[in-house]
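Read off the chains here:
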Amino acid sequence: MPKKVLFIVFFFSAFYLWSFDDLAHKAVFSSYTKSFTKENYQPIYTELRTSDSYDFPLKNPIINNLSTTVYNYFTAIKKKQSLLYYQKDNRTIEGHVLGGLDYYQDEDSENYYFLYYGFEVKAQYKNLFLSGKWWKGHTSENNDYANTNHLINSWVQPDDTKIYIDKIKGEIRYDFPKFGYLALTRGKLDIGSNIGGSIILNDQKTNDYSYLSYHYKFGAFSLDFAHASLIADSINTTGPSSISKIDAPEKYLVLHRFGWRPSKDFFIFVGEEVIYGNRSMDPNYFLPVGFWRITEHNLADRDNILIFAGGEYTPQENLTLYTNIIFDELSKSKIFTSWWGNKYAIQSGIMQRDIFTSPLFAWQKAGLEFTAIRPWIYTHKYLYTKVSNDNQPLGFADGANLLKYTFDTSLTFLNNKIAWNINASYMRQGSEGNNFSSNYEYEIDDTENYQASWLEGHITDTYKLKQELDFSFLYSHRLKISYEYKNVRSGDSESEIVVSYQTRF
């Protein structure tokens, strides 16, 4: 891609920067999830009722409460159902059981089922919040199709006929009014608004991890910090959790972000993320105010550090423009050359919301996004410092050395009872340095002079169409039907149909 065009896109986008202050929230995102098991966990805490309350289907009188609960479970459109709800003296606890069944089928009619069940609990006392959610299940088959599915980004245990899978998420958080919060979370972070995946830190293809985080706000400025514990990659290439990790080195992700919000519609941020390991947690990276690249130099240049920036701007209430940028080396003397060490990525897009609204039909949103990523950015010479977690990417989900154009839209029908989410993309990707698992010390003979142009290597053009219909006529039951189609210009194509059902009581 011509360098002048790339920098024009970046500098044009730089004038339209704004974002939510919190790391975990984004103004722009794709509503497409494919399956309920893919939904990212965002704890939603129960609002206090006007008076103390205790709901449980087996409380006295048992017959009346149980029959009412069963009737509401099968018929209620808006009435919230809980296995347990208790509130007294501003303390609440709410518990749910959940379960689901997914059906997967590819273009060759290879198929399998995934049956799961689990539990969710939420509790609150004043500014202290607790939440947890887990589910476990198994597939009906252990075939190549099931082994390569998106579900395999968690703990798995295969046998001859099935694959056993489980997940756990949760959070303990304390809010400081007007100042911020402190939290310990098991989940995933996704930084920067996007509709095709974050170039900074993505939540699409990796297992959950635990992290300590805090958000501190002082006037128009804010500071975010997170320190996560990751699973080091394995030299085994058959996927995550395929072998024992007992002897794997320690691996950590740490990041900090500084933000400035001069007005409610304008916010810019800059930050650093460091991946380090093969040692215990380093207290140097717990000092949030400072330039960690200098810290890393003083720690013998053994860690992987990347710098990111971006934000969003809302010139109108329903219109958002956003930009994200991340870079690694960027030698000043070689910045306008094709030196391979110029490793950076740029992402920019626009999203319009509430385009048309009526009781029968509403066009909720539509967005366009452009992503450009240089080769080698998510790689590193050490196995425990690659931008990954347990053999899964933490950088852009599609890898590097690419140009990608993404369109995303959502429509609803019958007063939001049916949602139609569509995500379409076209991507050109080169074969060199496009995967986080590459080791540039082995693959590049002369790292001082090696040149890598945009889309270096064999170029592949890929078209994807992803769409789903979400049905939510009853509060306790949800149904999702999705279809994905992928076509490579060489003639290869893949398709998949997923029917996902989930119940929550």
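Quick look at the structure, then. Every value quoted in this text rests on a predicted model; they were computed, and no experiment measured them. (Residues numbered from 1 in each chain as written. Predicted model: local features only at pLDDT ≥ 70, side-chain atom pairs only at ≥ 80, totals over all residues. Heavy atoms only, no water.)

### Brief notes about the environment of Ser-437
Selection criterion: Secondary structure elements are defined from DSSP: runs of H or I of at least 4 residues count as helices, runs of E of at least 2 residues count as strands, and each element is numbered from the N terminus. Three exposure classes are used, based on accessible area relative to the maximum for each residue type with a 1.4 Å probe and protein chains only: buried under 20%, partly exposed in between, and exposed over 50%. Think of a polar contact as two N or O atoms within 3.5 Å of one another; within protein, one of them needs to be a possible hydrogen donor and the other a possible acceptor, and neighboring residues in sequence only count if both atoms come from side chains.
Mapped onto the secondary structure, Ser-437 falls in the loop between β20 (418–430) and α5 (440–443). In this structure Ser-437 comes out as partly exposed when scored by relative accessible area, which is 48%. It is 31 Å that separates the C-alpha atoms of Ser-437 and Val-289, two residues lying 148 residues apart in sequence. Looking at Ser-437, its side chain comes within polar contact range of the side chain of Asn-435, at 2.7 Å.

### Things to note about the side chain of Thr-409
Topologically, Thr-409 is positioned in strand β19 (residues 402–413). Here Thr-409 falls in the buried class, since its relative accessible area comes to 6%. Among the polar contacts listed, one links the side chain of Thr-409 to the backbone oxygen of Lys-365, at a separation of 2.7 Å.

### Regarding a negative patch on the surface
Applicable threshold: Patch criteria: residues need more than 30% relative accessible area and no salt bridge. Like-charged residues are merged within 9 Å; nonpolar side chains of Val, Leu, Ile, Met, Phe, Trp and Tyr are merged within 5 Å. Areas reported as accessible are Shrake-Rupley estimates using a 1.4 Å probe. Residue values count occlusion only from the protein chains shown. When a carboxyl oxygen of Asp or Glu is within 4 Å of a side-chain nitrogen of Lys or Arg, the pair counts as a salt bridge. We score Asp and Glu as negative and Lys and Arg as positive, and we do not count His or the chain ends. A charge is said to be at NZ when it belongs to Lys, at CZ for Arg, at CG for Asp and at CD for Glu.
Together, Glu-107, Asp-108, Asp-492 and Glu-494 make up a region of like negative charge exposed at the surface. Residue placement: Asp-108 occurs in the loop between β3 (91–106) and β4 (111–125). Taking the relative accessible area as the measure of exposure, Asp-108 reaches 60% and is therefore exposed.

### Remarks on the environment of Ser-331
For clarity, the cut-off: Two residues form a contact once any of their heavy atoms are found within 4.5 Å.
Tracing the sequence through the fold places Ser-331 in the loop between β14 (319–327) and β15 (344–357). Ser-331 gets classed as partly exposed once you look at its relative accessible area, which sits at 21%. Between the alpha carbons of Ser-331 and His-477 there is a distance of 55 Å; along the sequence they are 146 residues apart. Excluding anything up to four places from it in sequence, Ser-331 contacts Trp-339 and Asn-342.

### Description of the environment of Gln-451
Summarising the element assignment, Gln-451 is placed in the loop between α5 and β21 (459–474). In this structure, the C-alpha to C-alpha distance between Gln-451 and Ala-424, residues 27 residues apart in sequence, is 32 Å. Contact partners of Gln-451, with chain neighbours within four places excluded, come to Ser-338, Trp-339, Trp-340 and Glu-456. Among the polar contacts listed, one links the side chain of Gln-451 to the backbone nitrogen of Trp-339, at a separation of 3.4 Å. Here Asn-449 takes part through its backbone oxygen, which lies 3.1 Å from a polar atom of the side chain of Gln-451.

### A closer look at the nonpolar core
Basically, it comes down to this: Only buried residues count toward a nonpolar core, which is a set of Ala, Val, Leu, Ile, Met, Phe, Trp, Tyr and Cys residues joined through side-chain atoms within 4.5 Å.
The biggest cluster of nonpolar side chains holds 30 residues, and the ones touching the most others in it are Leu-201, Ile-373 and Tyr-378. When residues of this core are traced back to their parent elements, those giving at least two are β9 (209–218), β10 (221–231), β11 (250–263), β12 (266–277) and β13 (304–316). In this structure, Ile-373 is in contact with Ile-199, Tyr-344, Ala-345, Tyr-378, Phe-396, Gly-399, Ala-400, Asn-401, Leu-402 and Trp-454, ignoring residues within four places of it in sequence. Core analysis: the second largest hydrophobic core is formed by 15 residues, Tyr-112, Phe-114, Trp-135 and Ile-152 among them.

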